[in-house]
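# Geometric and topological summary
Read off the chains here:
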Amino acid sequence: MQQVTVRVPASTSNLGPGYDCLGVALRVYNRVTVACDKGGPSSHPRIVSDAAEQFFTQTGRRAFSFSSSIVERVPRCRGLGSSATVRLGILLALNHLSGKPLDRLAVFRLCAELEGHPDNAAPAMFGGFTVVQSSARISSKRGSPKVRPSVQRFLVAPRLYFVLLVPHLEIETTRARRILPAKISRVAAVQNCANACGITAAFASRDYDKLRGSFSDNLHQPFRAKLIHFLPRVIQAAERGGALGAFLSGSGSAIAAITLKTPEKIATLMARAAAMPAHTIITHADNAGAQVLSVRRPSVTDH
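Residues numbered from 1 in each chain as written. Predicted model: local features only at pLDDT ≥ 70, side-chain atom pairs only at ≥ 80, totals over all residues. Heavy atoms only, no water.

### Some thoughts on the state of the cysteines
Enumeration over the complete set of coordinates arrives at zero disulfides. Considering cysteine sulfurs only, C111 is the nearest to C77, which forms no disulfide, with 16 Å between them. Of the residues examined, C77 reaches a relative accessible area of 33% and is grouped as partly exposed. Judged by its relative accessible area of 0%, C111 falls in the buried class. (Disulfide = S-S within 2.5 Å. Buried < 20%, exposed > 50% of the residue type's maximum accessible area, 1.4 Å probe, protein only.)

Spelled out as structure tokens, the structure:
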């Protein structure tokens, strides 16, 4: 039996003003194992079966039966890219088992299409700090717009800590997107552009002190605070504790702080400010991205 195990990192996305564009891979991982199954069709969760269907459609390869298992360390429905780790793990494993018809960029784009947004798929695949640029093209088959994002990636130094507050509160991405307004003012949009550019410049130059004051946002956080009422006070607590800044991780409910010092103190202050059941994680960026950990080839006894 041929079997592939893939390790995929969690990610924190948006980083405040970089909505659907900015992300960082984190050293928290899900492991996805896929094995060819000669016993016939297997039942899969929807997220797995959809990824498989898209993969075989995209590549034109003949579909085969497989079994899958996931060792989960990334909290679900917290804005830490859990769904991206599963989709990407399945896609990479199937790609490996099919003789690698897709390169890593193509697998990323397929994952981003399944996700509906690229900001978790990019760091999960490539690691580090990522900036996603999207350009639209028209599909000749259906005439519908398709997004073909490109990615710029920067390594993140180990001296930078990421402090995560993970509340015992699940937020569905679709619900968090529905609450956003259709329009914002030009002044608010310009401020977001300036802050997102500042964050990108700080990560690209590794001058992380320049991150301070760049995480304020007008696109999504003020509105999602209605779902996560403790967001403003947790951000304030992290910054008062010495963090360079803090922000809602993805669509939440996790809140991330970035710091060069005293991560334990900041974690304690964030948990205290939340005033609800939660746990904290102190970690660093993952610069490797998704990795194939092991491949088991068919043996004589498998035939």
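Back to the text.
### With respect to the side chain of S249
Considering the arrangement of structural elements, one finds S249 in the loop between strand 9 (245-248) and strand 10 (255-259). Given the relative accessible area of 0%, S249 is considered buried. At 2.8 Å, the side chain of S249 forms a polar contact with the backbone oxygen of G79. (Helix = DSSP H or I, 4+ residues; strand = E, 2+ residues; numbered from the N terminus. Polar contact = N/O pair within 3.5 Å; in protein donor to acceptor, adjacent residues only side chain to side chain.)

### Considering the side chain of S82
The topology assignment puts S82 in helix 2 (residues 82-97). Since its relative accessible area comes to 10%, S82 is described here as buried. Residue contacts for S82: discarding those within four places in its chain leaves N30, E72, V74, P75 and R76. (Contact = heavy atoms within 4.5 Å.)

### Brief notes about the packing of aromatic side chains
Applying the stated criterion across every chain, the model contains eight aromatic pairs. By the ring-pair criterion, three or more aromatic residues cluster together here, those being F55, F56, F64 and F66. The ring of Y29 has R7 sitting right over it, with the charged end atom 4.1 Å from the ring centre. (Phe/Tyr/Trp six-rings, centres within 6.5 Å; stacked < 30°, edge-to-face > 60°. Lys NZ or Arg CZ within 6 Å of the ring centre and 35° of its normal.)

### Comments concerning the sheet that holds strand 11 (residues 278-283)
If you trace the four strands from one edge of the open sheet to the other, you get 9-10-8-11, paired in antiparallel fashion. Of all the strands in the sheet, the pair left with one neighbour each is strand 9 and strand 11. Across the sheet, the mean angle separating the axes of adjacent strands is 20 degrees when strand polarity is ignored. Its contacts with the sheet put helix 8 (residues 231-240) on strand 8 (161-167), strand 9 and strand 10, and the angle it makes with strand 9 is roughly 160 degrees. Running at roughly 20 degrees to strand 8, helix 9 (residues 263-274) makes contact with strand 8, strand 10 and strand 11 of the sheet. (Pairing = 2+ DSSP bridges. Axes fitted to C-alpha atoms, helices over the stretch in contact; angles between N-to-C directions.)

### With respect to the nonpolar core
The biggest cluster of nonpolar side chains holds 33 residues, and the ones touching the most others in it are V34, L88, L91 and L94. Elements that contribute at least two residues to this core include exactly strand 1 (3-13), strand 2 (22-36), helix 1 (46-59), helix 2, helix 3 (104-115) and helix 4 (121-126). Counting residues per element, this core draws most heavily on helix 2, at eight residues. Sequence-distant contacts of L94, that is, excluding residues within four places in its chain, are made with V34, A52, F55, F56, F64 and F66. Ranked by size, the runner-up nonpolar core spans 30 residues in total, among them L26, L160, F247 and A256. (Core = buried A, V, L, I, M, F, W, Y, C linked by side-chain atoms within 4.5 Å.)

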